[in-house]
Amino acid sequence: MPAYNLNASAEAAPYFTPRHLHSPGTPYKIDDNTPTLFTPLKIRDVTLRNRFVVSPMCQYSTAATGPETGHLTDYHVSTLGHYALKGAGLVFIEATGVQANGRISPNCPGIWDDSQIAPMKRVADFLHTQGAQVALQLAHAGRKASTAAPWLAAKYRKEQGYGPGSLRATEDVGGWPDDVVGPMGGPSEAWDGLADSEQGGYYPPRALTEAEVETLIKDFGRAAARAVKAGIDIIEIHSAHGYLLHQFLSPVTNRRTDKYGGSYENRTRALKEIIQEVRNNIPEGMPLFLRVSFTDWLEGSDVEKAAGGSWDFDSTLRLAKEITDLGVDLLDVSSGGNHPKQATDLFSDQNYQVAKAAIIRREVRAAGKKLLVGAVGLITKAQRAKEIVQETRNQEGAVGDAELARAMTEAKTGEPMADLVLVARQFMREPEWVLRVAADLGVEVAWPNQFMRIRL
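The text that follows walks through the structure, step by step, so that each part is easy to find. (Residues numbered from 1 in each chain as written. Predicted model: local features only at pLDDT ≥ 70, side-chain atom pairs only at ≥ 80, totals over all residues. Heavy atoms only, no water.)

A few points about the overall build of the protein chain
Looking only at helices and strands, one finds 14 helices and 12 strands in the protein chain. Radius of gyration (C-alpha) of the protein chain: 22 Å, near the 23 Å computed for a compact globule of 456 residues. For the protein chain, the spread of C-alpha atoms along the principal axes amounts to about 70 × 55 × 45 Å. For the protein chain, the residues scored as buried account for 60% of the 456 residues in total. Nonlocal contacts in the protein chain, meaning residues at least 24 apart in sequence, comprise 74% of its contacts between residues at least 6 apart. Total accessible area on the protein chain is roughly 18700 Å²; 49% of this is exposed by carbon and sulfur atoms. In the protein chain, 50 side chains carry a positive charge and 55 a negative one; their mean positions are 3 Å apart. (Helix = DSSP H or I, 4+ residues; strand = E, 2+ residues; numbered from the N terminus. Rg over C-alpha atoms; globule rule 2.2 N^0.38 Å. Buried < 20%, exposed > 50% of the residue type's maximum accessible area, 1.4 Å probe, protein only. Contact = heavy atoms within 4.5 Å. Areas by Shrake-Rupley, 256 points an atom, 1.4 Å probe, with all protein chains shown as cover. Lys, Arg positive; Asp, Glu negative; His and termini not counted. Charge placed at Lys NZ, Arg CZ, Asp CG, Glu CD.)

Some remarks on the pairing of strand E5 (residues 133-139)
A large share of E5 lies buried, amounting to 7 of its 7 residues. Covered by surrounding structure in E5 are Gln-133, Ala-135, Gln-137 and Ala-139 together with Val-134, Leu-136 and Leu-138, the residues of both alternating faces. Examined bridge by bridge, strand E4 (residues 90-97) and E5 share 6 bridges and lie parallel to one another. Residue Phe-92 lies in a different strand from E5, and its bridge partner there is Ala-135. On the question of chirality, the crossover connecting E4 to the parallel E5 by way of helix H2 (residues 117-129) is right-handed. (Pairing = 2+ DSSP bridges. Right-handed = clockwise from strand over helix to strand, strands pointing away.)

So, the packing of aromatic side chains
The description of an aromatic ring pair uses the distance of the two centres, along with the angle that the planes make with each other. Applying the stated criterion across every chain yields a total of 11 aromatic pairs. The ring of Tyr-203 carries the charged tip of Arg-168 above its face, separated from the ring centre by 5.8 Å. (Phe/Tyr/Trp six-rings, centres within 6.5 Å; stacked < 30°, edge-to-face > 60°. Lys NZ or Arg CZ within 6 Å of the ring centre and 35° of its normal.)

Points about the packing of helix H4 (residues 210-229) against helix H7 (residues 269-280)
Where H4 meets H7, the axes come as close as 8 Å, and the angle between the chain directions of the two elements is 30°. Between H4 and H7 the crossing geometry is right-handed. Contacts from Val-213, Leu-216, Ile-217, Lys-218, Phe-220, Gly-221 and Ala-224 in H4 reach Ala-270, Glu-273, Ile-274, Glu-277 and Val-278 in H7. Of the residues assigned to the contact of H4 with H7, the class counts are 8 nonpolar, 1 polar and 3 charged. (Axes fitted to C-alpha atoms, helices over the stretch in contact; angles between N-to-C directions. Left-handed = near helix turned anticlockwise from the far one by under 90°. Nonpolar A, V, L, I, M, F, W, Y, C, P; charged D, E, K, R; others polar.)

Some words on unusual backbone geometry
With a phi angle near 55°, Ser-146 is a residue other than glycine that sits in the positive phi range. Residue position: Ser-146 is located in the loop between E5 and helix H3 (150-160). Look at Ser-146 and you get buried, because its relative accessible area is 0%. One non-glycine residue, Leu-378, adopts positive backbone phi at about 55°.

Describing the packing of helix H9 (residues 313-323) against helix H10 (residues 354-366)
Following both chains from N to C, one finds H9 and H10 inclined at 40°, their axes separated by 10 Å at the closest point. In terms of orientation, H9 lies oblique with respect to H10. Judged by the twist between their axes, the crossing of H9 over H10 is right-handed. On H10, the residues touching Phe-313, Thr-316, Leu-317, Ala-320 and Lys-321 of H9 are Lys-356, Ile-359, Ile-360, Glu-363 and Val-364. (Parallel < 35°, antiparallel > 145°, perpendicular 65-115°, else oblique.)

Put into structure tokens, the structure is as follows:
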């Protein structure tokens, strides 16, 4: 019987699932007219089939208590697997706690225990059968930990007549009120400043001791080693959005007087030591990403003045030039999240982060450093996604933002704004977004075998 009469099995899983005739989301033919968006990207020993990345998205969908606490489940196979099936080149598993008290909520995943390896490997195995690479975001929520899933918080606050906000997760639902931690401690350090109010959505943290910071650094490394055993292809360290490592970076949330606080060198010490520890616990050929908030969005504010500074763009640019020597391959550029009084509407300007990513990429390369840059934030349209990573001869004003146009005018001819695009909400709306973008741009790409009959 001819071999083509049989469905061949994908080799990346210990169970049968059909192998695709051609990897979904990839062009049948790549030539000079193929948008960069649909070309492969090699990072160390890992090759992405295209430049589409599904950003880490918290789902609050793991067990909060018992022997399966923090374990990924069939829910994650279903949701993350669908993004891979429909052509995304790299799919992120959401922020995953390196310590039990590092989860945002009791229902967030973890990788602090060996029992969490096998469930993660099951998810990774399936994503690999669909042609995608798998990334894991290692995280610690710091003072934003032990909260409830947002839909539970919204329901409770509406019933109580409170405005939008968070909800503390108590011990009876798996929370850890007495073990929420941060660089600083005390009621005034609660994220929303409402530690003594019934409306408060966050617990006051206690300050980590120097010894605990050193344990945290080791735990990031141990978590990375478990991720390797789980079949993860790429690791990302989460140092953005007001979570613990971002808290260490910013003078607003780090006024320590030991070696982990005070000067720029001290405030970045924990992160740099974590980068080195993670790098030492993963293979040389495994890419390492870092997500940062390029600013607290507190420049010139009373909060910044009271703290004697904030984490800002210049600090990020300085850090970006330093991390390449520590083994970071890509900087994932986001912003904000460290203080409720941040002075920006993140959704009013589509280019609020892409512009800064472009400048960082240009400046780091001008300094002779090799660092890829990822752009994230309100990337929803095909043409815009194309322009961000496209190597073109004339990008001036390509997206229409004055700062971005200025940045690209100053850049070398042909330089893209970023090397890949990280997209979250649009994939939730349209898991087939890669295929939709291909159709909009007139690129002939492969669809999953099982969906050929309804291709766009």
